[in-house]
Amino acid sequence: MNISASRRNFIRGLVGASTFAIGGCACPFGRQKIKLAAVGVNRKGYTDWTPMLKTGFVEIVALCDADYTQREAVAQKLAQDGINFDIYSVPFYTDYRKMLDDAGILGIEAMTISTPDHVHAPAAILAMQQGIHVYVQKPLVRTLWELDYFNRTARENGVIVQMGNQGSALDSMRRCTEVLQSGILGDVTEVHVWTNRAIWPQGKMVEKWVKDHPKGDSVRSGLNWDAWLATAKSRPFLDKYPAGVKFYDPWNLGSNIYHTFAWRGFHDFGAGAFGDMACHTMNLPFRGLELGGVSDAECIAIEEKNDIAFPKKSVVKLNYKARMSKVRPGVKLPAVSLFWYDGYDESKPSQSAMKPNADIMPKVIRTFGAIPNTGCYIVGSKGAVLMQDDYGSRCAIALDGEEKFVDIFTHEAAKAVPRSIPFCVGSKRTVADGKSTVEMSGFAEGHYGEFVNAIRGEGNWYEQTHSRCFSDIEYCIPQMEGILVGCVAQQLPGKKLNWCAKS
């Protein structure tokens, strides 16, 4: 059953006198709350739907998780965090399809999707077809086919979309985007992006384990395995690796094979390290350099390629086409080669992330002592920009002739670049003891508030996305295209893959 279009328009269009700021945007009091459902309720799901609940402009009308035990786990977490919401007061589903069958009865108007990657597209598309606005965790989808279907469905149904790359709301990310778009670096033709992922099992060990255990394990109590699989090919459940099976586990995620979280290393369920982190770490160059269509991709280095799991390590080269600037009319921007690095080097625990060679960044080492374990390096004809983390909370710039990098907010030439992208209040970085604490400081409130405000027809309007959401489809669809082409290249190492989105 479709949600009433007239009610959605009522919510979008009403104008009130009293205001309250969420995500840095003014919202009128006195409006009916947005009826929100959440698919995926714990871990990342919890940090997606609870910030929206805290705005005061959202009413949770349904929750869904294929693992029913997460209901009790979240109830305990809500009590610990002092969040006044009774999780037992709303319907709880283990299959998003059944929940969306009841969408009209429940009155669902918006939905968060914080599931394994392979569920993002089917859940979001089914919701959007009913006129439901969606906040979808990154990666937006898992395959290029899904990307096209998602894009068409969102546009045909006129819904609001926000992808969950929360660093987009950070002041530093937005300010560095402005500085890059000004052309301060001259012609930028080279970008290096690296990550400390994968932190879950990948490679041939995973492939061997799956092939050696065709009968699978008993499904855990409370887990709706059919719903967890969703549109993926049916297969037996695999529970845990036994004691003695060695794999790199730097974050102490445990011995899970599929559920929870370890699914990300499987082709059928995740998009590997590329899908997990490129939506964050490629965010700055994609926006700042106005990158558009990928022309070709090639996996130039790889370890432990296999047919079931993503490789243990890889380096992928993405070439982006020359394009006309939308920010500086009449300016043609050159083609860009973007190098992506993922995987851990277990032999070097003090410098465990796969990174570019140190000789590429001598000024970085001179300034900071070492290359950060995750980040982005943007090289132009007049200087370079360094992003020192996943999200863009710490960005620095060094122009030619300067000895060291300087923070983007204090560099004299950068300070002269005019402001053009509104900031989100509540999304500032915080630094303690010289280290960014952005991940733990609730930095993403602005990103979630922006989604809520957009549904209400309030908040900043971004010319670059033609939306009130800074990670709407105008941005996240073309960004995801390059990432997913890179995932395909990982399966065909050493071969140059030409890509045309229109063919």
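Before reading on, note that the structure itself is shown above.
What counts and what doesn't
Residues numbered from 1 in each chain as written. Predicted model: local features only at pLDDT ≥ 70, side-chain atom pairs only at ≥ 80, totals over all residues. Heavy atoms only, no water. Phe/Tyr/Trp six-rings, centres within 6.5 Å; stacked < 30°, edge-to-face > 60°. Helix = DSSP H or I, 4+ residues; strand = E, 2+ residues; numbered from the N terminus. Buried < 20%, exposed > 50% of the residue type's maximum accessible area, 1.4 Å probe, protein only. Core = buried A, V, L, I, M, F, W, Y, C linked by side-chain atoms within 4.5 Å. Contact = heavy atoms within 4.5 Å. 1 Å grid on protein atoms, 1.4 Å probe; cavity = no way out; pocket = protein on both sides within 12 Å on 5 of 7 lines; lining within 4 Å. Points joined across faces, edges and corners; volume = space filled by probe spheres on them. Nonpolar A, V, L, I, M, F, W, Y, C, P; charged D, E, K, R; others polar. Salt bridge = Lys/Arg side-chain N within 4 Å of Asp/Glu carboxyl O. Expected span 1.5 Å × (residues − 1). Arc of directions from axis to C-beta. Pairing = 2+ DSSP bridges. Axes fitted to C-alpha atoms, helices over the stretch in contact; angles between N-to-C directions. Parallel < 35°, antiparallel > 145°, perpendicular 65-115°, else oblique. Left-handed = near helix turned anticlockwise from the far one by under 90°.

(A) Molecular detail of the packing of aromatic side chains. In total, this model carries 24 aromatic pairs according to the counting rule given. Plain terms: the ring middles of Tyr258 and Phe269 are 5.3 Å apart, the flat faces sit at 85° to each other, and that makes the pair edge-to-face. One end of the pair, Tyr258, is in the loop between helix H10 (225–229) and helix H11 (272–281); the other, Phe269, is in the loop between H10 and H11, with 11 residues separating them in the sequence. Summarising the aromatic geometry, the rings of Tyr462 and Phe470 are spaced 4.9 Å apart at their centres and angled 50° between planes, so their arrangement reads as tilted. In this structure Tyr462 comes out as buried when scored by relative accessible area, which is 2%. Residue Phe470 is classed as buried on the basis of its relative accessible area, which comes to 2%. Through a chain of ring-to-ring contacts, three or more aromatic side chains come together here, namely Trp225, Trp228, Phe237, Tyr258, Phe266 and Phe269.

(B) Expanded view of the nonpolar core. Met99, Leu140, Phe150 and Ile378 are the most contacted members of the largest nonpolar core, which totals 85 residues. For this core, the leading source of residues is helix H16 (residues 473–490), giving 10 residues. Excluding residues within four positions of it along the chain, Phe150 makes contact with Ala124, Ile125, Met128, Val134, Val136, Leu140, Val141, Val161, Ile473 and Ile477. Core analysis: the next-biggest nonpolar cluster, separate from the first, contains 29 residues, Val58, Ile60, Ala454 and Ile455 among them.

(C) Region of the structure containing the layout of surface pockets. Quantified by volume, the second largest pocket comes out at close to 960 Å³. Forming the boundary of the second largest pocket are 37 residues, of which Leu291, Lys326, Glu474, Tyr475 and Pro478 lie nearest the centre. Here the lining of the second largest pocket gets eight residues from one element, more than from any other, and that element is helix H7 (residues 144–157). A per-class count over the lining of the second largest pocket returns 19 nonpolar, eight polar and 10 charged.

(D) Just the pattern of salt bridges, in detail. Inspection of the entire model under this criterion finds 22 salt bridges. For Glu450, the salt bridge identified is with Arg174, shortest N-O distance 3.0 Å. Taken together, the residues span a long stretch of sequence, with Glu450 in helix H15 (residues 445–455) and Arg174 in helix H8 (residues 171–181) at a distance of 276 residues. Grouping residues by exposure puts Glu450 and Arg174 together as buried. For Lys305, the salt bridge goes to Asp307, with nearest N and O atoms at 3.9 Å. Looking at Asp307, the relative accessible area reads 58%, which means it is exposed.

(E) Summary view of helix H3 (residues 69–81). With 13 residues, H3 ought to run about 18 Å at 1.5 Å a step, and its terminal C-alpha atoms sit 19 Å apart, in line with that. Turning to H3, its buried residues are Gln70, Arg71, Val74, Ala75 and Leu78. Buried residues along H3 cover an arc of 145° about the axis, so they all sit on one side. Pointing more than 90 degrees away from the buried face of H3 are the exposed residues Ala79 and Gln80. The elements touched by buried residues of H3 are helix H2 (44–54) and strand E5 (92–93). Phi for Gly82, located one or two positions after H3, is positive at around 70°.

(F) Geometry of the sheet that holds strand E10 (residues 294–303). Pairing is mixed in the open sheet, where nine strands are placed in the order E18-E17-E16-E15-E9-E14-E11-E10-E21. Strand pairing shows two members of the sheet lacking a second neighbour, strand E18 (406–407) and strand E21 (497–498), which therefore form its edges. As defined by bridge partners, strand E15 (residues 375–380) adjoins strand E16 (residues 383–387) across four bridges and the pair is classed as antiparallel. Bridged to Tyr377 within E16 is Leu386.

(G) Geometry of the packing of helix H6 (residues 117–128) against H7. Contact geometry of H6 with H7 gives a least axis separation of 9 Å together with a crossing angle of 20°. In terms of axis orientation, H6 runs roughly parallel to H7. In this structure, H6 meets H7 at a crossing whose hand is left-handed. Residues His118, Ala121, Pro122, Ala124, Ile125 and Met128 of H6 pack against Glu146, Tyr149, Phe150, Thr153, Ala154 and Asn157 of H7.

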